[in-house]
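Next come the chains, spelled out residue by residue.
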Amino acid sequence: MNKKILIVDDEPEQIDFASTILEENGYIPISATNGMDGMKMVRSEKPALILLDIMMPRQGGVGMYRELKQDEATKDIPVVIVTGVTRGGGFDEHMVTQGDELPAPDGYIEKPMNPDAVVKLIHDLLSGS
Amino acid sequence: MSKILVIDDEESIRTLLKVSLSHKGYEVILAEDGESGIKAFRASRPPIVITDIKMPGMDGIEVLKHIKQVDPDTRIIVITGHGEMEAAIEALQLEASDFINKPVTDEALSVALKRAEEVLWMKQKLRKYTTSLEAMVEEATQELRAAHDFQKNLIESSIDGIIAADERKRVVVFNDGAARLLGYRADEAIGKMTIEQFFPSKVARKIIALMEGDAQTGTERLVNYEGVVRSRDAEEIPVRISGATLFENGYANGMVCFLQDLREIKRLQRELIESERVSAMGQAVAGMAHYIKNILNGLQGGVYMVNTAMKKNKPDLMTKGWAMVENNIGKISDLVMNMLIYSKEREPDYVPCQPNDIAEEVYDLMREKAIQSRVRLVKDFDPSISECFLDPTGPHRCLLNLVANAIDACIFDPQEDKQWVVTIRTRREPDFVRFDVIDNGIGMTEEVRKKVFERFFSTKGGRGTGLGLLVTRKIIDEQGGRISFESQPGQGTTFTMRFPARPTASVTTGGLA
């Protein structure tokens, strides 16, 4: 079973934090700091799941999500959105799905990250598929 | 046809006159003595009466008196005999219109009648004229009254307070609006108070002076002046005042002023400001919470990594985690510093220092962040800058904020293939030390340029608090400096700060080292 998980985030600290959590829980973290590199990684490494920072500058997160969901080869890879915005305002959902043009993401993780919750969410998503 | 009454006791004269007058077109009534003459007069009211003076019984004078009593306008021609001049004079004194001597000639009669007719015609015309004049006066009066009522209604029903005063400033008009605004009844104000009494004394003097103005230049009016009135309860009420001096034949004979109650408007303004303040604070708090959450994430990440490193004995992870903790503690202290600077007034503490050293410190502090962000950080320091009196914490904090912004402007620039550069430049100017921070990042749109110094405005989402430039500006203001910027979208931004800097006394100008 493919346990590779791709972290796409422009902040190196966030990549380090997420990588440590994943490594400690038996996953293989790989990472990219922008959407373009992220898509290259998706195609070459075929990760089982993607942790995507939606708030990356230059629309990087939103653009990558769109590309993932519109490509037959990648649209079934579960995507967990990492966000600093408190959920409930509908802001993120709207931004991610482009107003229901795209399917909703498989999960959300809010910063500051709670390592146990992250692990449980990833575990549930991967065992369910 | 005009009637004429002939009173004479001599039948021959009556007959003669009847023939002659009928021939002239009169309807003739005859009477043979005074009594019957009066009776006939009362019955048919002829405008002209011809009467003999000397008659048995009631004589002509008596007849004259009677008729004049009944109708003073009646023209009465008396017929006098030889030697009756005195009676004739008496008759004229009693307002007989004419007299004819006996024997009555047709010519004399015609002249007398013509004169009588003329007078009658004149009188009639005069009467007609007088009557129509009265009607005209009545009509004009009614119009005037209507106009007056209209004006009065206009004044009375006006929502604004209207007060007019005579040349001694005594109140002559005080409408309902004024009564509502000021709390006095009209009957308490009119004739008993002066216009000055409705204003606090200082305001009154100013307003009266403005209304009186300068008659020469024609500025004797006051338009939309915002001031206050003083109500009966000594409340000072904000009003908009318009007023003017009134003139009659070139002389000032009073003044009028219109008072618009501004309490409601002021209340709404206060509410608006308050709601804006609350919403700005809400935005600020939300922005700050957001920013702090990011820091918290970094701290938790660092702690998690340190804990994991200790459990698994991984020194590399330990170093990384600890650096993360330190970095985020740095961010928190930066935030707290900015918050404190923003919230407190601070007297600058001027000490001798070297501006280039300040810039160098900032360069060292920001170099790591620049490298991580693929931005080249460049120093361009003016070597001729010598030591001078500055409060170094000011430029230090401001430069730190501006360089951090410049790097962010590069991070947010969507042109992926660009080589980003941020330059810290120092220059000596006659009375100032100038610091420039130049980037070739995303640049600002006009909308952003306008909002740059607004409270808690940020283009960085969760990565910014909107405090940086606010604090920078505040520090520069406190130190008597200046800040400006130029920016083009896609081209980059240059911020320029100037701090006033006296050279230290011991150092000679030039500072050529």
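This is a predicted model, so every value here is computed, not measured. (Residues numbered from 1 in each chain as written. Chains lettered and ligands numbered in written order. Predicted model: local features only at pLDDT ≥ 70, side-chain atom pairs only at ≥ 80, totals over all residues. Heavy atoms only, no water.)

**Points about the packing of aromatic side chains**
Then comes step 1: All chains considered together, the criterion is met by five aromatic pairs over all chains.
Then comes step 2: A ring pair is formed by F17(A) and Y304(B), whose centres lie 5.9 Å apart and whose planes are at 50°; its orientation type is tilted. You can see F17(A) sitting in helix α1 (residues 12-24) and its partner Y304(B) sitting in helix α9 (residues 263-312), one on each of two chains. Comparing F17(A) with Y304(B) shows no difference in burial state: the two are buried.
Then comes step 3: Considering the side-chain rings of F174(B) and F198(B), the 5.4 Å spacing of their centres and the 35° angle between planes classify their relative orientation as tilted. On the criterion of sequence distance, the pair formed by F174(B) in strand β7 (residues 171-174) and F198(B) in the loop between α7 (186-189) and α8 (201-212) is long-range, its members being 24 residues apart. Here the two residues F174(B) and F198(B) agree in accessibility, since each one is buried.
Then comes step 4: Members of the aromatic cluster, connected to one another through ring pairs, are F174(B), Y184(B) and F198(B).
Then comes step 5: Its end group placed over the ring of Y27(A), K3(A) keeps NZ or CZ at 5.4 Å from the ring centre. (Phe/Tyr/Trp six-rings, centres within 6.5 Å; stacked < 30°, edge-to-face > 60°. Helix = DSSP H or I, 4+ residues; strand = E, 2+ residues; numbered from the N terminus. Buried < 20%, exposed > 50% of the residue type's maximum accessible area, 1.4 Å probe, protein only. Lys NZ or Arg CZ within 6 Å of the ring centre and 35° of its normal.)

**Observations regarding the domain arrangement of chain B**
Then comes step 1: Structurally, chain B comprises domain 1 (3-127), domain 2 (158-261), domain 3 (266-342) and domain 4 (345-503).
Then comes step 2: Centre-to-centre separation of domain 2 of chain B and domain 3 of chain B, based on C-alpha positions: 59 Å. (Domains from an automatic or database assignment.)

**Some thoughts on the sheet that holds strand β16 (residues 482-488) of chain B**
All names here are of chain B.
Then comes step 1: Strand order in the open sheet formed by five strands is β12-β14-β15-β17-β16, and the pairing between neighbours is mixed. Taken across any chain shown, the strands that pair with only one partner, and hence form the sheet edges, are β12 (375-380) and β16. Ignoring which end each strand starts from, the neighbouring axes of this sheet average 10° apart.
Then comes step 2: Here seven bridges tie strand β14 (residues 420-428) to strand β15 (residues 432-439), and the two strands are oriented antiparallel to one another. (Pairing = 2+ DSSP bridges. Axes fitted to C-alpha atoms, helices over the stretch in contact; angles between N-to-C directions.)

**Some remarks on the packing of helix α2 (residues 35-45) of chain A against helix α3 (residues 60-70) of chain A**
Residues and elements named next belong to chain A.
Then comes step 1: At their nearest, the axes of α2 and α3 sit 9 Å apart, and the two run at 30° to each other. Accordingly, the angle class assigned to the pair α2 and α3 is roughly parallel. Both α2 and α3 take part in a crossing whose hand is right-handed. When α2 is examined against α3, the residues G35, G38, M39, V42 and R43 are found in contact with a partner set consisting of G60, M64, E67 and L68.
Then comes step 2: When grouped by side-chain class, the residues that make up the contact of α2 with α3 number four nonpolar, three polar and two charged. (Parallel < 35°, antiparallel > 145°, perpendicular 65-115°, else oblique. Left-handed = near helix turned anticlockwise from the far one by under 90°. Contact = heavy atoms within 4.5 Å. Nonpolar A, V, L, I, M, F, W, Y, C, P; charged D, E, K, R; others polar.)

**Section: the packing of helix α10 (residues 315-343) of chain B against helix α12 (residues 393-411) of chain B**
Residue and element names in this part refer to chain B.
Then comes step 1: Closest axis-to-axis distance for the α10/α12 pair is 12 Å, and the angle between their directions is 120°. The angle between α10 and α12 falls in the class oblique. The hand of the α10/α12 crossing is left-handed. Only R397, L400 and N401 of α12 make contact with α10, whose side of the interface consists of D334, M337, N338 and I341.

**Comments concerning the pairing of strand β2 (residues 27-31) of chain B**
All names here are of chain B.
Then comes step 1: Across five bridges, strand β1 (residues 3-7) lies against β2 in parallel orientation. Bridge pairing in β2 places I7 opposite A31.
Then comes step 2: Regarding topology, helix α1 (residues 11-23) serves as the crossover connection from β1 to the parallel β2, and that connection is right-handed. (Right-handed = clockwise from strand over helix to strand, strands pointing away.)

**Re the confidence of the model for chain B**
Then comes step 1: Of all residues in chain B, 95% have pLDDT values of 70 or greater, and the mean over the chain is 85.
Then comes step 2: Note on residues 506-513 of chain B: pLDDT under 50 across the span, and four contacts to partners over four residues away in sequence or across chains. (pLDDT = per-residue confidence, 0-100.)

**A word on the pattern of salt bridges**
Pairing of side chains with opposite charge becomes possible as their charged atoms draw close.
Residues and elements named next belong to chain B.
Then comes step 1: Per the stated rule, a full pass over the model turns up 40 salt bridges over all chains.
Then comes step 2: A salt bridge links D98 to R115, with the nearest nitrogen and oxygen atoms 3.2 Å apart. Residue D98 is located in strand β5 (residues 98-101), and its partner R115 is located in helix α5 (residues 106-157); the two are separated by 17 residues in the primary sequence.
Then comes step 3: Looking at R115, the relative accessible area reads 45%, which means it is partly exposed.
Then comes step 4: The partner of R267 in a salt bridge is E264, and the shortest N-O contact between them spans 2.8 Å. Remark: E264 and R267 occur in helix α9; sequence separation between them is three residues, near one turn of the helix.
Then comes step 5: Overall, the relative accessible area of 44% leaves E264 in the partly exposed class. (Salt bridge = Lys/Arg side-chain N within 4 Å of Asp/Glu carboxyl O.)

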